[in-house]
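# Examination of the molecular architecture
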Amino acid sequence: MKKLISIVLIFILCQSVCVMANDSNISLDPYPYSSHVLGEDLVIYGDTDFDQVTLGFYYPKDQGYMGYAKYIITITADELKNGYVIPTETYSRLWPEGDWTVVVQNGSARDEITISMAIDASYDRHVRICEYSDNALSFVETYSCRGIVIKDNVLSFSLEDGTEYRIFSWNNFAPANSGKTKLFIATYKDGYMTDIKTYTGTLTDFGNHITLTVSDTKRVEILYWEDNLTPVQ
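Notes on the structure in this doc start here. Sequence order as written defines residue numbering, which begins from 1 separately in each chain. Note on the predicted model: pLDDT of at least 70 is required for a residue's local features to be given, and 80 or more for side-chain atom pairs to be given and counted; whole-chain, interface and lining totals, by contrast, use all residues. Only hydrogens and water are set aside when side-chain values are computed; all heavy atoms of the structure are taken into account.

### Thoughts on the pairing of strand S13 (residues 154-158)
- In the sheet, strand S12 (residues 149-151) pairs with S13 via three bridges, with the strands oriented antiparallel. Pairing of Ile150 across the sheet is with Leu155, part of S13.
- Pairing between two strands is assigned when DSSP locates at least 2 bridges connecting them. Counting from the N terminus, the helices are the DSSP runs of H or I reaching at least four residues and the strands are the DSSP runs of E reaching at least two. Two successive antiparallel strands, S12 and S13, enclose a turn made up of two residues, where Asp152 displays a positive phi of approximately 55°.
- Of the pairings in the sheet, the one linking S13 to strand S14 (residues 164-171) comprises five bridges and is antiparallel in character. Bridging from a neighbouring strand, Val154 pairs with Phe168 of S14.

Spelled out as C-alpha cells, the structure:
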C-alpha cells in the first residue's frame, strides 16, 4: 500500500511540474517604430499562456528618474494579445524623453522591451522596393518612415506626408507567406487607395525582407533598413 501511495504521489508531482513548465511563456512583440511620440497612445502586443500577467511601465534609468515605475497593472492574456493601450502625455517633467521600459511578467517568467520616447516623430527607417532583371537592378524606390507594422499578414508603413503603403500577398484569395502567390503594393492617401502594383511569382520570404521570384530572370525584393543602412531584424 505504501508503495502504491508513493507512486501516486510521484505521479501527481510530475503532473504539477509539467503544468508549471507548460504554463510559463511570455513574449512581447518588438516595438515597430524607432521611437514613440509623447502624447500618442502606446500599444503593447504580446503573447502568453498565463491567464493574467503584470505589466510594468518604467521611467528611463538616467536623468535622475532611476528607472522607477510609472505604473504597474494586471492585465489578461487577451488584453496583451489584442494590444494593451498605454496613454502617454506630451513632453513634461512627468513624461520625459528617453528610453522607457515595458516589463510583462508572472512569477519568474518575464519579457521586456525598451521604447525610445521623443517629442517629435523620427522618419529614420527606410523601405526599398527593388526590381531586378537578368540579376541587374532595373528599378528602385526608397521611402522614409518611422517603422513598419506587420499584422494579419499585411505589412504597412506611413510617410511623413501621410501617404500609407500596404504590402500583402494572396493565393486563391487567402493570405500567403510563401509559395506561388500574388504580391500587392497598394498606396493610400486620406484613407483612399490611389495606386496598386501587382506581381505574380514564388514568394520565399515575407517580413522585413521580402523576395518574390517572378521568373528565371526577374525578381522583386523589398528591404527594410535603419538610417545607418543596417537591416532591421
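### Thoughts on empty space enclosed by the protein
- Cavities and pockets were defined on a 1 Å grid built from protein atoms only: a cavity is a group of points that admits a 1.4 Å probe but offers it no way out, a pocket is an open group of points flanked by protein on both sides within 12 Å along at least five of seven lines, and a lining residue is one with an atom within 4 Å of any such point. Grid points are joined across faces, edges and corners, and a volume is the space filled by probe spheres set on the points. Applying the stated criterion across every chain yields a total of one cavity of 30 Å³ or more.
- Size it by volume and the largest cavity reaches roughly 40 Å³.
- As for the largest cavity, its lining consists of Val127, Ile148, Leu155, Gly207, Asn208, Ile222, Leu223 and Tyr224.
- Tallying contributions element by element places strand S19 (residues 218-226) first for the lining of the largest cavity, with three residues.
- Counted by class, the lining of the largest cavity contains six nonpolar, two polar and no charged residues. Residues are grouped as follows: nonpolar covers Ala, Val, Leu, Ile, Met, Phe, Trp, Tyr, Cys and Pro; charged covers Asp, Glu, Lys and Arg; every other residue, Gly included, is treated as polar.

### Notes on the sheet that holds strand S2 (residues 36-37)
- Ordered by their spatial adjacency, five strands build an open sheet running S2-S9-S8-S5-S6, and the pairing between neighbours is mixed. The open sheet has two edge strands with one neighbour each: S2 and strand S6 (69-76).
- Pairing of strand S8 (residues 98-106) with strand S9 (residues 109-118), which is carried by nine bridges, proceeds in the antiparallel orientation. Among the inter-strand pairings, Asn106 is bridged to a residue of S9, identified as Ala109.

### Side note on the packing of aromatic side chains
- For this analysis, a ring pair means two rings from Phe, Tyr or Trp (six-membered ring only for Trp) whose centres lie within 6.5 Å, classed as stacked if their planes differ by under 30 degrees, edge-to-face if by over 60, and tilted for the remaining angles. For the structure on display, the rule yields 12 aromatic pairs.
- For the ring pair Tyr143 and Phe157, a centre distance of 6.0 Å and an interplane angle of 45° mean the geometry is tilted. Of this pair, Tyr143 sits in strand S11 (residues 136-145) while Phe157 sits in strand S13; the two residues are 14 residues apart in sequence, bridging distant segments of the chain.
- For Tyr143, a relative accessible area of 10% corresponds to the buried category.
- Residue burial is assigned from relative accessible area. The probe radius is 1.4 Å, only protein chains are included, and a residue is buried under 20% of its type maximum, exposed over 50%, and partly exposed in between. Of the residues examined, Phe157 reaches a relative accessible area of 2% and is grouped as buried.
- Aromatic pair Phe168 and Phe184: ring centres 5.2 Å apart, planes at 20°, arrangement stacked. You can see Phe168 sitting in strand S14 and its partner Phe184 sitting in strand S16 (residues 179-189), a full 16 residues away along the chain.
- In textbook terms, an aromatic cluster arises when at least three aromatic residues are bridged by ring pairs, as seen for Phe57, Tyr59, Tyr65, Tyr71, Trp95 and Trp100.

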